[in-house]
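Below are the chains, spelled out letter by letter.
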Amino acid sequence: MLSIIRDIPPHVFGVRATGQVTADDLKSVLLPGLEVLTQKHHDIYYLLVLETPVENFTAGAWFQDMVAGLKHFTKWKKIAVVTDETAVGKFTDAFSYIAPGESKGFKLSQLNQAIEWLSIKL
């Protein structure tokens, strides 16, 4: 399930992933949120708090995630992924080398640092 994170800077869109994440979650939460963000701010500063193993994302969810990434490919400025899964954090850090913008992994205990990092616009 995806839920929107409130009380973050207005130019940042954040979601919290818990339990199983499906294509419907991405279609009803992530995609509309990114649309609103790009209409208001033109750029994407994205916070993902991953409180579920990546194995809990269905194949449809991964496909919708790819669709979101490609649709807004040139608008991504910063992506912060907050998780205690070491491999996901390392992948997020490496993602900056192949995608526009910056990506950075944070531990769950570093959520405030992730928000602070996202609050600084490029």
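Before any of the text, the structure's been laid out above.
About the cut-offs
- Residues numbered from 1 in each chain as written.
- Predicted model: local features only at pLDDT ≥ 70, side-chain atom pairs only at ≥ 80, totals over all residues.
- Heavy atoms only, no water.
- Helix = DSSP H or I, 4+ residues; strand = E, 2+ residues; numbered from the N terminus.
- Buried < 20%, exposed > 50% of the residue type's maximum accessible area, 1.4 Å probe, protein only.
- Areas by Shrake-Rupley, 256 points an atom, 1.4 Å probe, with all protein chains shown as cover.
- Phe/Tyr/Trp six-rings, centres within 6.5 Å; stacked < 30°, edge-to-face > 60°.
- Lys NZ or Arg CZ within 6 Å of the ring centre and 35° of its normal.
- Pairing = 2+ DSSP bridges.
- Axes fitted to C-alpha atoms, helices over the stretch in contact; angles between N-to-C directions.
- Contact = heavy atoms within 4.5 Å.

Caption draft 1: Structural view of the overall build of the protein chain. The helix and strand inventory of the protein chain stands at four helices and five strands. Helices (α) and strands (β) of the protein chain occur, in sequence order from the N terminus, as β-β-α-β-α-β-α-β-α. Of all 122 residues assigned to the protein chain, the portion counted as buried reaches 40%. For the protein chain, the accessible area works out to roughly 6700 Å², and carbon and sulfur atoms hold 59% of it.

Caption draft 2: Spatial organisation of the packing of aromatic side chains. All chains considered together, the criterion is met by two aromatic pairs. Centroid distance Tyr46 to Trp76: 5.8 Å. Interplanar angle 75°. Geometry classified as edge-to-face. Residue Tyr46 is found in strand 3 (residues 44–50), and its partner Trp76 is found in strand 4 (residues 76–82); the two are separated by 30 residues along the sequence. Ring centres of Phe106 and Trp117 lie 5.9 Å apart, and the angle between their planes is 55°; on these two criteria the pair is classed as tilted. Of this pair, Phe106 sits in strand 5 (residues 102–106) while Trp117 sits in helix 4 (residues 111–119), placing them eleven residues apart in sequence. We note that Phe106, like Trp117, is buried. Sitting over the ring of Trp117, Lys78 keeps its end group 4.6 Å from the ring centre.

Caption draft 3: A look at the sheet that holds strand 1 (residues 2–4). Taken together, five strands build an open sheet; the order of strands is 1-2-3-4-5 and the sheet is mixed. If you trace the sheet from one side to the other, it starts and ends with strand 1 and strand 5, each paired once. Here the average twist between neighbouring strands, direction ignored, is 20°. In the packing of helix 1 (residues 23–41) onto the sheet, the strands contacted are strand 1, strand 2 (12–17), strand 3 and strand 4, and the crossing angle to strand 2 comes to about 165°. Contacting strand 2, strand 3, strand 4 and strand 5, helix 4 runs over the sheet at an angle of about 180° to strand 4.

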